[in-house]
Amino acid sequence: MPSRLSDAIIRPHPDFTSLQELPESYAWNQRDDIDYPSFDSSAESVPIIDLNDPNALQNIGHACRTWGVFQVINHGVSTTLLDMVESTSRTLFSLPVNQKLKAARSPDGVSGYGFARISSFFSKLMWSEGFTIVGSPDEHFRQLWPHDYTNHCDVIKEYKQEMKKLAGRLMCLMLGSLGITAKQDIKWAGPKSDFKEASAALQLNYYPACPDPDRAMGLAAHTDSTLLTILYQNSTSGLQVLKEGVGWIKVPPVPDGLVINVGDLMHILSNGSYPSVLHRAMVNRTRHRLSIAYLYGPPSSVKISPHPKLVGPTHPPLYRPITWNEYLDTKAKYFNKALSWVRVCVPLNGLVDVNEHNNSVKVG
Ligand SMILES: C=C1C[C@]23C[C@@]1(O)CC[C@H]2[C@@]12CCC[C@@](C)(C(=O)O1)[C@H]2[C@@H]3C(=O)O
Ligand SMILES: O=C(O)CCC(=O)C(=O)O
Ligand SMILES: [Fe+2]
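Residues numbered from 1 in each chain as written. Chains lettered and ligands numbered in written order. Predicted model: local features only at pLDDT ≥ 70, side-chain atom pairs only at ≥ 80, totals over all residues. Heavy atoms only, no water.

The test is simple: UniProt positions are given in the numbering used here, feature names are shortened, and annotations may be inferred rather than shown by experiment.
The protein appears in an unreviewed UniProt entry as gibberellin 3beta-dioxygenase from Gossypium darwinii. What the UniProt record of the protein gives under Cofactor (unreviewed entry) is the line "L-ascorbate".

Written out as structure tokens, the structure is:
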């Protein structure tokens with residue numbers, strides 16, 4: 001189970017709904033984040049892949065190599081369940097601040113309510129609230145809703161089960177496209193190749209409507225430290241991904257679609273073939289936005305390293321073996337430079353990690 005990413009001290013946000021102007025502490029300058037032009041989806045767009053398409057494996061491989069992100073449709077997760085998890089999240093973030101703080105993430109904890117963890121790397125605050133669930137939500141949900149927490153817990157549990165199934169399927173497709181067979185080549189995939197022992201965290205994100213969205217930041221640019229992330233977003237757009245050499249590309253919500261991010265551990269496992277995607281969330285003047293990220297990684301004892309099938313005399317291993325917890329600790333210290341700290345060898349093409357950007361990250 002993941003242990004921690006650095007924890008921002010819990011300070012209650014102002015009541016977002018009462019603010020007519022953006023406080024200076026929330027006003028970002030271009031140089032506060034990664035400064036690239038933004039494009040709307042007409043310039044280039046993140047691939048949308050139908051999981052029922054017989055070419056899904058090839059399409060996913062291509063999307064992973066060129067984008068590090070894609071959307072999936074016909075993924076088998078019911079609209080009813082997506083609606084239910086959205087409704088539970090909305091109910092949670094609508095609670096009064098004092099109630100939410102009863103389930104606050106503790107300074108050295110991983111689960112609970114709080115600010116974006118990555119806040120400590122930036123001088124400006126982010127226009128968002130988050131709630132992380134690792135393991136059972138029971139204890140925290142009982143504090144939030146003393147009388148009727150069980151329905152909300154059931155929704156989260158069912159959602160996690162469905163996500164785990166989908167993540168296992170996606171692992172087979174993403175690895176399959178690299179010539180890696182879960183059954184033969186990944187020991188921890190288990191006898192049924194269902195990756196039963198995998199670990200995961202659920203991150204609920206809430207971005208209230210904002211009086212000055214062009215100067216605010218919902219969640220600053222980052223990569224996920226996962227093997228893969230499955231992201232559900234409600235009908236308000238806001239997610240952007242960085243396409244190398246192009247700029248920030250919007251990822252508009254697709255009805256019943258789910259966004260799949262390649263994470264840093266998949267980048268390591270693929271020996272650099274699949275880039276982990278740098279992404280951020282912007283906010284909206286009139287509409288709030290919700291997103292639910294299922295962050296998926298290996299069992300805690302498993303060390304992820306470049307797969308032997310992808311290593312050879314002309315392809316030396318680029319990264320040293322590392323567990324998810326060790327990687328989270330590295331990320332907590334070095335944030336968007338974490339991959340470079342795990343790298344043992346400069347790629348033969350001489351390029352540095354795609355995600356190593358010069359933003360306002362404070363290291364240490
Ligand atoms: C397992 C995890 C990945 C994560 C840190 C965490 O312990 C739980 C929350 C995850 C999250 C979600 C928002 C973006 C992110 C960078 C963050 O600050 O918390 C990710 C972390 C990650 O993938 O590194
Ligand atoms: O809200 C979004 O679209 C992005 C959320 C995200 O990147 C995360 O939770 O890791
Ligand atoms: Fe993310």
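Anyway, onward from the coordinates.
Re the environment of tyrosine 319
What counts here: For the purposes of this entry, the term helix denotes a DSSP run of H or I that reaches at least four residues, the term strand denotes a run of E that reaches at least two, and both are numbered from the N terminus. Think of it in three bands: with a 1.4 Å probe and only protein chains considered, a residue is buried below 20% of the maximum accessible area for its type, exposed above 50%, and partly exposed in between. Throughout this description, a polar contact denotes any pair of N or O atoms lying within 3.5 Å of each other; where both atoms belong to protein, one of them has to be capable of donating a hydrogen while the other can accept it, and for residues adjacent in sequence the pair is counted only when both atoms sit in side chains.
By secondary structure assignment, the location of tyrosine 319 is in the loop between strand 13 (289-297) and helix 8 (324-334). Note on tyrosine 319: relative accessible area 3%, which makes it buried. Separated by 50 residues in the primary sequence, tyrosine 319 and leucine 269 place their C-alpha atoms 8.6 Å from one another. Side chain to side chain, tyrosine 319 and histidine 267 meet in a polar contact 2.8 Å long.

Re the coordination of the iron ion (ligand 3)
We count it as follows: Metal coordination here is assigned from N, O and S atoms located within 2.8 Å of the ion, or within 3.2 Å for Na, K and Ca; omission of water means that sites may look incomplete.
With distances of 2.1 to 2.2 Å, the protein atoms coordinating the iron ion (ligand 3) are His222 (NE2), Asp224 (OD) and His279 (NE2). Linear spacing of the donor residues for the iron ion (ligand 3) on their chain is H-x1-D-x54-H. Remark: histidine 279 occurs in strand 12 (residues 279-281) and aspartate 224 occurs in the loop between strand 7 (219-222) and strand 8 (228-233); sequence separation between them is 55 residues. Residue histidine 279 is classed as buried on the basis of its relative accessible area, which comes to 6%.

Some thoughts on the site of ligand 2
Convention followed: Nearness here has a simple test: a residue counts as near a molecule or strand if at least one of its heavy atoms is within 4 Å of that partner. Here, Shrake-Rupley sampling with a 1.4 Å probe gives the accessible areas, and only protein chains in the shown set may cover a residue. By the convention adopted, Pro, Cys, Tyr, Trp, Phe, Met, Ile, Leu, Val and Ala count as nonpolar, Lys, Arg, Asp and Glu as charged, and the other residues, Gly among them, as polar.
Close contacts around ligand 2 come from 13 residues, with Asn205, Tyr207, His279, Arg289 and Ser291 the closest. Contact distances for ligand 2 include 2.6 Å between an oxygen atom and a side-chain N or O atom of tyrosine 207. At a separation of 3.2 Å, an oxygen atom of ligand 2 approaches a polar side-chain atom of histidine 222. About the coverage of ligand 2: the protein hides 95% of its 300 Å² of free accessible area. Of all the elements in the fold, those that place two or more residues in the shell around ligand 2 are strand 6 (199-207), strand 7, strand 12 and strand 13. Across the shell around ligand 2, the residue classes tally to six nonpolar, five polar and two charged.

Let's talk about the pattern of salt bridges
Stated formally: For this document, the term salt bridge refers to a Lys or Arg side-chain nitrogen within 4 Å of an Asp or Glu carboxyl oxygen.
Summed over the entire model, instances satisfying the criterion amount to ten salt bridges. When the shortest N-O distance is used, the salt bridge between glutamate 44 and lysine 243 registers 3.1 Å. Residue glutamate 44 is found in the loop between strand 1 (38-39) and strand 2 (48-50), and its partner lysine 243 is found in strand 9 (residues 239-243); the two are separated by 199 residues along the sequence. The partly exposed category is assigned to glutamate 44, whose relative accessible area is 28%. Since its relative accessible area comes to 16%, lysine 243 is described here as buried. Put simply, glutamate 86 and arginine 90 hold a salt bridge, and the shortest N to O gap is 2.4 Å. Linking glutamate 86 with arginine 90, this pair stays in helix 2 (residues 79-94), spanning four residues, or about one helical turn. By relative accessible area, glutamate 86 is classed as buried at 12%.

A short note on the pairing of strand 10 (residues 247-250)
Going by this rule: Being paired, for any two strands, means DSSP has found at least two bridges between them.
Of the strand pairs in this sheet, strand 9 and strand 10 are connected by four bridges, and their pairing is antiparallel. Of the residues in strand 10, the one forming a bridge with glutamine 240 is lysine 250. The turn linking strand 9 back onto strand 10 is made up of three residues, and glycine 245 within it adopts a positive phi angle of 80 degrees.

Considering the sheet that holds strand 11 (residues 258-262)
In plain terms, the rule: Geometry is summarised by axes, namely lines fitted to C-alpha atoms with helices restricted to the contacting stretch, and by angles between N-to-C directions that run from 0 to 180 degrees. Contacts between residues were defined by any pair of non-hydrogen atoms, one from each residue, lying within 4.5 Å.
An order of 2-3-11-8-13-6-5-4 is seen for the eight strands of this open sheet, with the pairing classed as mixed. Looking at the sheet topology across the chains shown, the edges are occupied by strand 2 and strand 4 (112-114). The average angle at which neighbouring strand axes cross in this sheet is 25 degrees, direction not considered. Running over the sheet, helix 1 (residues 56-66) touches strand 2, strand 3 (69-73) and strand 11 and is turned about 160 degrees from strand 2.

A few points about the UniProt feature "domain: Fe2OG dioxygenase" (unreviewed entry) in the protein
In this structure's numbering, the residues bearing the UniProt feature "domain: Fe2OG dioxygenase" (unreviewed entry) are residues 197-298. Secondary structure content for residues 197-298 is 6% helix and 44% strand, and the end C-alpha separation is 7 Å.

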